[in-house]
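# Coordinate analysis (summary)
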Amino acid sequence: MERFESAVKAKGWIVFTEIDHAGAAKQVGLDMKPRTVVLFGNPKLGTAPMQKSGTLAIDNPPKALVWEDDNGKVWLTYNSGSYIGGQVYPRHGLSMPPDGVANLEQLLTEVSDQAVK
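Now for a description of the structure that goes with this document.

Criteria and thresholds
- Residues numbered from 1 in each chain as written.
- Predicted model: local features only at pLDDT ≥ 70, side-chain atom pairs only at ≥ 80, totals over all residues.
- Heavy atoms only, no water.
- Phe/Tyr/Trp six-rings, centres within 6.5 Å; stacked < 30°, edge-to-face > 60°.
- Helix = DSSP H or I, 4+ residues; strand = E, 2+ residues; numbered from the N terminus.
- Buried < 20%, exposed > 50% of the residue type's maximum accessible area, 1.4 Å probe, protein only.

So, on to the packing of aromatic side chains. Under the definition given, this model contains three aromatic pairs. Measuring from centroid to centroid gives 5.3 Å for Phe4 and Phe40, while their planes differ by 80°, and the two rings are edge-to-face. With Phe4 in helix 1 (residues 2-10) and Phe40 in strand 2 (residues 35-41), this residue pair connects regions lying 36 residues apart in the sequence. Accessibility expressed as a relative area gives 2% for Phe4, which makes it buried. You can call Phe40 buried: its relative accessible area is 0%. One aromatic cluster is present, formed by Phe4, Trp13 and Phe40 through successive ring pairs.

In structure tokens, the structure reads:
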């Protein structure tokens, strides 16, 4: 998780917060393998679309899930740039230009590659 967050910050993006699902479960006496959602983004890029469609804020900023499987292996899961551009934005009546999708996909690939090495 620290490597992912460092990679995001190195690209000039912001890590807004983390949601620790396992920690929340523990507070109510339940056990769960580690599951942490990291919300990250770039207000310079994300504000204008949310100004056009306020409902985009339910899906924006992007998120990544760092989680441990039953065998103790840690995974990084996130929505692809093509999913965000092809599903999320249209859900809110918006479109993301093809170069925006490609740039987002490149960023996600780079930060995830850096995080898992």
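There is more to say, and it comes next.
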